[in-house]
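Fold and geometry: a report
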Amino acid sequence: MPATRPSHHERTRRQRRWKRHDDAFPRLLIACCALIAMTAFLPPAARAGSFRIYDHSASATGQASAFTAQADDASAGYYNPAGMTQLRGVQFSAGTTLIAGGFSFQNGAGTQANGDLRGSVAVPPPSNVYMTANLKDLGIGSSDSTTIGLAVFSPFGTLTRWPDNSPFSTATTKAAFELIDIRPSIAFRPLPDLAIGLGADIYTFSGAFGEGQVERQFRWPGGLGIPAGTGMELNGRDTAAGFNASLLYTPLRNGDGRPLVNIGLIYRSQATLHLDGQLLAGGTRVADARTTFVVPQVLTGGIALWPVRDNEREWKLELDVDYTGWKSVRNLDTTLSNGLTIATPTNWTSGYTVMVGTEYKWLNPAPLPDWDVALRAGYWHSQKAIPDQTFNPAIPDGDNHAVSTGFGFMCREHGKFLGVIPCGGSDKALSPKGLGIDLAYQAILYEGRTVAGNVNPTVNGTYRTTLHVGSINLRVNF
């Protein structure tokens, strides 16, 4: 039977589609070359790790957080708010990240010590909540190009514990820095293929998410009338504000209008925390204390490619490059109300983290009709931010590699979540249109680090760290 000849309308539609592809190709080529050049010319001494938390949703964690250019679920509120313009209706996501593992130390004399996260799992775990709403779908305005969002997450943090009798107990025994970020944002499309996001970052501490303060405990080396070996604590808290700006550019789409190439970029500004607290000796106040911590600026760029994207399958590949301006952390000197200053030099170094991730998704597969099923994997490499001279075991910083895997299920229309809860099919405004769950596992493998020439000689030695990360998010689309 001879093939049916396409109609004039179909031929014209195809010609227009391929014309768009041809017009976009030079822009795509330039973007790819620029990103490859960024990766190729990263300085070998670049450092970015420290205590930055990269994992803010299970869908992204499964891809080693290479999600800036994809940003197609509610966690776009963190990874790239401009991506919220891809979302319809009201979308909600909430999740948590379980972190386990530990640290080991051995000095030149063979003395060893083992540390942990104040338990087998860090408690409370870093968690996240996201909500996005398309204004047209809320009945506000006639354009579907504007979306608002709210995100709450933990952008930086550490929770460590070493024995009170470790060789470096005068440097640290316990530490906590569990900062949260409350981010309201708005995203809009000034052009069909360009989205822009703007938002505020409100950094603060809350007892609901940890200690409610920055805290470092250590053993007093002696002097100032305080007996050597006394348990000491420095703490403080503050609230500060910054901003973020992001964009998402789509130079290439398929015939259904879905992206085949996305380029994402987000800038997060500095913010200065003036941490007011106390110096305690044996639980008794010695003096009021104040130190300053500058939340670093962060710039992240990514490109996502979909070699396959049709009504049955989607396959995405993404490369992200992340720059963290750790050079803003020059010292953590503490000024006491009795006129003394505890000098704490830092001199951290700015640098890069490179993340590569992939997602393969089956849309309405025969065994699971009304479901989307995604399989994910990823890898990142991040280098240390803290030099040997000012290293403190409170922060297990070092060159590290992370490997991730994960999967996601999204139930729609006439499916049933967990075999019981209807996933959609109702026309009521507040009825779910989709229910989903994302799960991910990540192993963060730190290279052995030998510290030498530290300002506190007891810190010198070899450190080894391995962390295991498990993430879960529940999603509801209305």
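Quick caveat: nothing in here was measured; it's all calculated off a predicted structure. (Residues numbered from 1 in each chain as written. Predicted model: local features only at pLDDT ≥ 70, side-chain atom pairs only at ≥ 80, totals over all residues. Heavy atoms only, no water.)

Here we look at the overall build of the protein chain
Quick note on the threshold: A run of H or I in DSSP becomes a helix once it reaches four residues, and a run of E becomes a strand once it reaches two; helices and strands are each numbered from the N terminus. Only heavy atoms matter for contacts: two residues are in contact if any of them lie within 4.5 Å across the pair. Methods summary: accessible areas were calculated by the Shrake-Rupley approach with a probe of 1.4 Å, and residue burial reflects only the protein chains presented.
Broken down by element type, the protein chain carries three helices and 26 strands. Relative to all contacts within the protein chain whose residues are 6 or more apart in sequence, the contacts with residues 24 or more apart total 69%. Accessible area for the protein chain stands at about 21000 Å²; split by element, carbon and sulfur atoms hold 61% of it.

Some remarks on a nonpolar patch on the surface
Inclusion rule: Two joining distances apply to patches: 9 Å for like charges and 5 Å for nonpolar side chains (Val, Leu, Ile, Met, Phe, Trp, Tyr), and every residue must have over 30% relative accessible area and no salt bridge. Any Lys or Arg side-chain nitrogen located within 4 Å of an Asp or Glu carboxyl oxygen qualifies as a salt bridge. Three labels apply to residues, based on accessible area from a 1.4 Å probe with only protein chains included: buried if under 20% of the type maximum, exposed if over 50%, partly exposed otherwise in between.
On the surface, a nonpolar cluster with roughly 400 Å² of combined accessible area is contributed by L138, I140, I148, I186 and L198. Within the element layout of this structure, L198 appears in strand β8 (residues 194-204). Given a relative accessible area of 42%, L198 falls into the partly exposed group.

So, the packing of aromatic side chains
Inclusion rule: By convention, a stacked pair of Phe, Tyr or Trp rings (six-membered ring in the case of Trp) has centres within 6.5 Å and planes under 30 degrees apart, an edge-to-face pair has planes over 60 apart, and any other such pair is tilted.
In this structure the tally under the stated criterion is 20 aromatic pairs. Here the aromatic rings of F67 and Y79 are separated by 5.4 Å at their centres, their planes lie at 75 degrees, and the arrangement is edge-to-face. A residue pair is termed long-range when its members are at least 10 positions apart, and F67 in the loop between α2 (58-61) and α3 (76-79) and Y79 in helix α3 qualify at twelve residues. Per residue, the accessibility class of F67 equals that of Y79, and both read buried. With a centroid separation of 5.5 Å and an interplanar angle of 70 degrees, the aromatic rings of F407 and F409 are classed as edge-to-face. Accessibility expressed as a relative area gives 35% for F407, which makes it partly exposed. Residue classification places F409 among the partly exposed residues on the basis of a relative accessible area of 25%.

A few points about the pattern of salt bridges
Counted according to the given criterion, the structure contains 21 salt bridges. A salt bridge links E314 to R258, with the shortest nitrogen-to-oxygen separation between them at 3.2 Å. Placement of the pair is E314 in strand β16 (residues 313-324) and R258 in the loop between β11 (240-253) and β12 (259-268), with a sequence separation of 56 residues. Exposure class is identical for E314 and R258. Each is buried.

Digging into the state of the cysteines
Quick reminder of the rule: In this description, the term disulfide denotes a pair of cysteine sulfurs within 2.5 Å.
Taken as a whole and assessed by the stated rule, the structure comprises one disulfide. Disulfide pairing is shown between C411 and C423; the S-S distance is 1.8 Å. Measuring handedness by torsion sign, the sulfur bridge of C411 and C423 sits at about 100 degrees and is right-handed. You can see C411 sitting in strand β21 (residues 400-412) and its partner C423 sitting in the loop between β23 (421-422) and β24 (434-446), a full twelve residues away along the chain. Across this residue pair, the class does not change: C411 and C423 are buried.

Section: the confidence of the model for the protein chain
Our working definition: A residue's pLDDT is the predictor's confidence in that residue, given on a scale from 0 to 100.
Mean pLDDT over the protein chain: 88, with 88% of residues reaching 70 or higher. Low pLDDT (under 50) marks residues 1-49, which in the prediction has 61 contacts with non-local residues, meaning those over four places away or in another chain.

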